[in-house]
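Given next are the chains, with one letter for each unit.
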Amino acid sequence: MLPKDEHFRPSLPQFVIPWMDADRHGGDAMNYVRLSIGMLLVVYLGCQEDCPKPGETLFVFGQVGKTGYMTQAGRVTIKPKYFTGSQFSDAISVVLRNTDKKCLFIDHCGRVLFDAEGYDHAENFVSGYAVVKKGVRSYIIATNGSIVLEKSPLKFREYFSDGLIPVTKGSGDDKIAGFSDLQGNIKFLKYKITRAFGSGLAPVCEDKTFNYIDVHGNTKIKTEYVAAKSFHEGLAAVLVGAKYVREMGDPGERLVGGKWGFINTNGVLVVPAVYDSVEEYSEGLAAVKSNHRWGYIDRQGKLVIRCKYEFTGQFYHGFSRVSEDFKNDYYIDRSGEKAFEPVEEQ
């Protein structure tokens, strides 16, 4: 997870599934078929949801506690019964079960995949792999549910990119961070913070400022920024002008001040740092926050959809999920026009 400070956007239901403790829950009806390779395949007793037609894309919708999935036509195919959920990636989505806040993986028909007991934490699949946590175990699974990498006491974070994934070892003041490849070879385990690679570069923090290294561990961009994110579509968000302060009574330092902008892979600030918060680029647009509201900018930093939303997602198949009041959400197109929303069942 990202460091907790006032500049990082709170976790929102569209993308991030938090680590949570919960009791086990096994109320789903299913049979188990043991395969010769020792893997369990979950076979459901019939499909409980309205499966999408071939070629239809599903979009997450709803509020916390009532999250489901619909088609671009607004037809609800997976009823809003989850606490929260992510967009589909590699034809699989992560949802949070309402009863016990366990993370589940589901397919386009709403069928639970892999482990029906659920995980304490789960990331979306990226390039065929996903990070999951169950109890003290942190491991990586493939899209068939098989464990491809587990290396205790290391904890995996975020996702694989450029053949490497961020890892941490230890906790508190003794925690160190680095990277692992898919074979479990540990690299550059010497930082305080590491984040995922993008465009061949990864943000790392050794003291209080971030630099960007390449896959060989060479520093490619030196910065004075105290907060920085991964590259997406060739641009990375950085916090300019912020500093750490310690006030009387505080147990530690806090990050205050500053504005967010974007640098390119040469380290040049190409989108001015004028925003209170930002999200990464997706399909050429990035969500930005100004005066307590969210809108979108293009790659040149031009505000193309004005800041009027309480919540914004990332663009996904040409559309983005937004809400003006945190109660009713809908999808907009790249021009900011309302595109679709769930169709009420008659």
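Residues numbered from 1 in each chain as written. Predicted model: local features only at pLDDT ≥ 70, side-chain atom pairs only at ≥ 80, totals over all residues. Heavy atoms only, no water.

Draft legend 1. The environment of Phe83, seen in detail. Mapped onto the secondary structure, Phe83 falls in strand β5 (residues 76-85). Put simply, Phe83 and Cys103 are 20 residues apart on the chain and 9.7 Å apart in space, counted from C-alpha to C-alpha. Ignoring any residue separated from it by four or fewer positions in sequence, one finds Phe83 in contact with Gln63, Val64, Gly65, Lys66, Thr67, Leu96, Arg97, Asn98 and Lys101. (Helix = DSSP H or I, 4+ residues; strand = E, 2+ residues; numbered from the N terminus. Contact = heavy atoms within 4.5 Å.)

Draft legend 2. The environment of Lys192, seen in detail. Summarising the element assignment, Lys192 is placed in the loop between β16 (186-191) and β17 (193-194). Judged by relative accessible area, which is 43%, Lys192 ranks as partly exposed. Measuring from C-alpha to C-alpha, the distance between Lys192 and Glu206 comes to 5.3 Å, with 14 residues separating the pair along the chain. Beyond its immediate stretch of four places on either side in the chain, Lys192 contacts Ala177, Cys205, Glu206 and Asp207. Among the polar contacts made by the side chain of Lys192, one reaches the main-chain carbonyl oxygen of Asp207 at a distance of 3.1 Å. (Buried < 20%, exposed > 50% of the residue type's maximum accessible area, 1.4 Å probe, protein only. Polar contact = N/O pair within 3.5 Å; in protein donor to acceptor, adjacent residues only side chain to side chain.)

Draft legend 3. The arrangement of the sheet that holds strand β29 (residues 293-297) in detail. One open sheet holds the four strands; their spatial order is β27-β28-β29-β30, and the pairing between them is antiparallel. With partners counted over all chains shown, the strands left at the sheet margins are β27 (277-278) and β30 (303-309), one partner each. (Pairing = 2+ DSSP bridges.)

Draft legend 4. Structural context of the pairing of strand β19 (residues 210-213). Burial along β19 is two-sided: the face carrying Phe210 and Tyr212 and the face carrying Asn211 and Ile213 are both buried. The pairing of strand β18 (residues 202-205) with β19 spans four bridges and is classified as antiparallel. By the bridge assignment, Ala202 is partnered in β19 with Ile213. Taking the residues between adjacent antiparallel strands as the criterion, β19 and strand β20 (residues 219-222) are bridged by five residues, where Gly217 takes a positive phi near 90°.

Draft legend 5. Local environment of unusual backbone geometry. In this model, Ser152 is joined to Pro153 through a cis peptide bond whose omega is 10°. Along the polypeptide, Pro153 turns up in the loop between β12 (147-150) and β13 (155-156). One non-glycine residue, Phe114, adopts positive backbone phi at about 65°. With respect to the helices, strands and loops of the structure, Phe114 is situated in the loop between β8 (112-113) and β9 (121-122). Assessed through its relative accessible area of 15%, Phe114 is described here as buried. With a phi angle near 55°, Glu283 is a residue other than glycine that sits in the positive phi range. Its location among the elements puts Glu283 in the loop between β27 and β28 (286-290).

Draft legend 6. Summary view of the sheet that holds β19. With antiparallel pairing, four strands are arranged side by side in an open sheet as β17-β18-β19-β20. Both outer strands of the open sheet, β17 and β20, are each paired with one neighbouring strand and no more. In terms of strand pairing, β17 meets β18 through two bridges, oriented antiparallel. By the bridge assignment, Thr194 is partnered in β18 with Val204.

Draft legend 7. The arrangement of the nonpolar core in detail. Membership of the largest hydrophobic core comes to 19 residues, with the highest contact counts inside it found for Tyr69, Ile78, Phe88, Ile106 and Tyr331. Of all the secondary structure elements, the ones that give two or more residues to this core are β3 (59-63), β4 (66-70), β5 and β7 (103-106). Residue contacts for Ile106: discarding those within four places in its chain leaves Tyr69, Ile78, Tyr82, Phe88, Ala91, Ile92, Ser93, Val95, Arg111, Val112 and Leu113. If you look at the next biggest cluster of nonpolar residues, it comprises 16 residues, including Leu255, Trp260, Tyr281 and Ile297. (Core = buried A, V, L, I, M, F, W, Y, C linked by side-chain atoms within 4.5 Å.)

Draft legend 8. Seen up close, the pattern of salt bridges. On inspection of all chains with the given rule, the structure shows 14 salt bridges. Across the salt bridge formed by Arg293 and Glu310, the nearest N and O atoms sit 3.3 Å from each other. On the criterion of sequence distance, the pair formed by Arg293 in strand β29 and Glu310 in the loop between β30 and β31 (311-312) is long-range, its members being 17 residues apart. According to the relative accessible area criterion, Arg293 is partly exposed, its value standing at 27%. By relative accessible area, which is 28% here, Glu310 ends up partly exposed. Asp329 is the partner of Arg321 in a salt bridge, and the nearest nitrogen-oxygen pair spans 2.8 Å. We classify Arg321 as buried; its relative accessible area is 2%. A residue is classified by how much of its surface remains accessible, and Asp329, at 10% relative accessible area, is buried. (Salt bridge = Lys/Arg side-chain N within 4 Å of Asp/Glu carboxyl O.)

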